[in-house]
Amino acid sequence: KVDPIVARVAEVQEAHPAFYVGSFGVGTKKEIVGAFQDDLKKAGLYSIPLTLAILLLAFGALVAAGIPLLLGITAVLATFGLVAITSQLLPMDDSVPAIILLIGLAVGVDYTMFYLKREREERAAGRSEEAALEAAAATSGRAVLVSGCTVLVAMAGMFLTRDASFASFAVATMTVVAVAMLGSLTVLPALLSKLGDSVDRVRVPFVHRFRRNEGDARIWGLVIDRVLRHPLLSLTLAGGLLVALAAPAYQLHTAEASIDSYPQKFLTSYNRVKAAFPGVDIGANVVVKAPNVEAPAVQEAISQLKQRALTTGVMNEPIDVDVNPAKTVANITIPVEGNGTDSTSNAALAALRDEIIPATLGTLADAEVGVTGTTAQTKDFNDQMKSVAPLVFGFVLLFAFVLMLISFRSLVIAAKAIVLNLLSIGAAYGILVLVFQHG
């Protein structure tokens, strides 16, 4: 239904080159969604061959490189089937398929690497195929179990946000990790037992020769040797770098995705409308519910609301009022200065909620009043996330600490794991701020 309208607009533009004729709305949304889906497809197409290339470098043999990829892909496909069932009860966010693919590949490769590396080390030490596999299962299998359970606990923390999108992320991630973990503990050992030393078949000549001569071991050995010779210096430099990267995280500013988040090539008409009618695209919606919104008292309160809003200097005309057929709800749309999430827009929202509405519509005894719109949604979402963040972090860190304590029976190891995780998470937040907020 949209395509003919967009085509007709293009025809009118072509017929009248002296004017700018464009459209914005559902047609643009269709373009944007299509481009987004195409990008996700590219991410999926590129991630698999790139993962295979990295695995070939890691193992030097096609069969060994293919096993982690096979486990990851089968975990992803199985999760798609399971999540299709779950989605009948909990709607899934649009990004869930991409999350399943990327995390499924990551953990599938990760868990298989544990097994393959340990089995190869045991074979190089002279153990039989069976003994090498048993040693790998006893050590790496346990590591997979602990790692998988830790990820499951961490992802479960998202449920505490009480947000549907985060809940869908949690379900998708926990499912793909659980499937990959189950495959690693059952199918993978059986497959490795069947393959035996054939796992090293179809070798990549130069890479395999380098690995056979323990070239990679020498490289990492050299790094570790330098670290162990100067532990205090290494700790200071590495820890200092992580802390420095984490510092910008204090400037983290979160916001709901808005139309300005999308590629500018789709927003030509939108930007022209925004320039001609500033603030209209991010209007605040004041919603009033009353027995009769056309009653004189309500109309007088709405009139006062308009006057006070315009005197703030951060809200503009045209202020529109829409009333439902039952005359019980009025939606007052007020154009707001700023980009919807900046300090100017937030000042307008604060003025509406804290000063203008209490003095006008708030005086009506039988009316309910609320404010929504881009700014209000972002502010309320951020407030909700700030209120639950300590609970989420506390839940994840506490249960991760307990899991580490049970697994290793060492307070030092458990505490070290938590500290290192916090440092790496802080550094990741800092890098996100540097890239996406400071360019």
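Below: a short report on this structure. (Residues numbered from 1 in each chain as written. Predicted model: local features only at pLDDT ≥ 70, side-chain atom pairs only at ≥ 80, totals over all residues. Heavy atoms only, no water.)

Time to look at a nonpolar patch on the surface. On the surface, Leu-252, Phe-393, Leu-422, Ile-425, Tyr-429, Ile-431, Leu-432, Leu-434, Val-435 and Phe-436 cluster together to form a nonpolar patch covering roughly 900 Å² of accessible area. With eight residues, the single largest contributor to the nonpolar patch is helix 15 (residues 411–436). Taking the relative accessible area as the measure of exposure, Leu-432 reaches 44% and is therefore partly exposed. (Patch = residues over 30% accessible without salt bridge, like charges linked within 9 Å, V, L, I, M, F, W, Y side chains within 5 Å. Areas by Shrake-Rupley, 256 points an atom, 1.4 Å probe, with all protein chains shown as cover. Salt bridge = Lys/Arg side-chain N within 4 Å of Asp/Glu carboxyl O. Helix = DSSP H or I, 4+ residues; strand = E, 2+ residues; numbered from the N terminus. Buried < 20%, exposed > 50% of the residue type's maximum accessible area, 1.4 Å probe, protein only.)

With antiparallel pairing, four strands are arranged side by side in an open sheet as 2-3-1-4. Lying at the two open borders of the sheet, with one neighbouring strand each, are strand 2 (320–323) and strand 4 (368–372). On average, adjacent strands in this sheet sit at an angle of 20 degrees to one another, irrespective of strand direction. Relative to strand 4, helix 13 (residues 343–359) is tilted by about 165 degrees, and along the sheet it contacts strand 1 (284–289), strand 3 (329–334) and strand 4. (Pairing = 2+ DSSP bridges. Axes fitted to C-alpha atoms, helices over the stretch in contact; angles between N-to-C directions. Contact = heavy atoms within 4.5 Å.)

Moving on, we come to helix 6 (residues 164–185). The terminal C-alpha atoms of helix 6, which comprises 22 residues, lie 31 Å apart, in line with the 32 Å expected from a rise of 1.5 Å per residue. Between the side-chain oxygen at the start of helix 6 and the backbone nitrogen of Ser-165 there is a gap of 3.1 Å, and the oxygen is on Asp-163. (Expected span 1.5 Å × (residues − 1). Polar contact = N/O pair within 3.5 Å; in protein donor to acceptor, adjacent residues only side chain to side chain.)

Next up on the list: the environment of Pro-318. One can find Pro-318 in the loop between helix 12 (296–311) and strand 2. Relative accessible area serves as the criterion here: at 42%, Pro-318 is assigned to the partly exposed category. Expressed as a C-alpha distance, the spacing of Pro-318 and Ser-23, which sit 295 residues apart in the sequence, is 21 Å.

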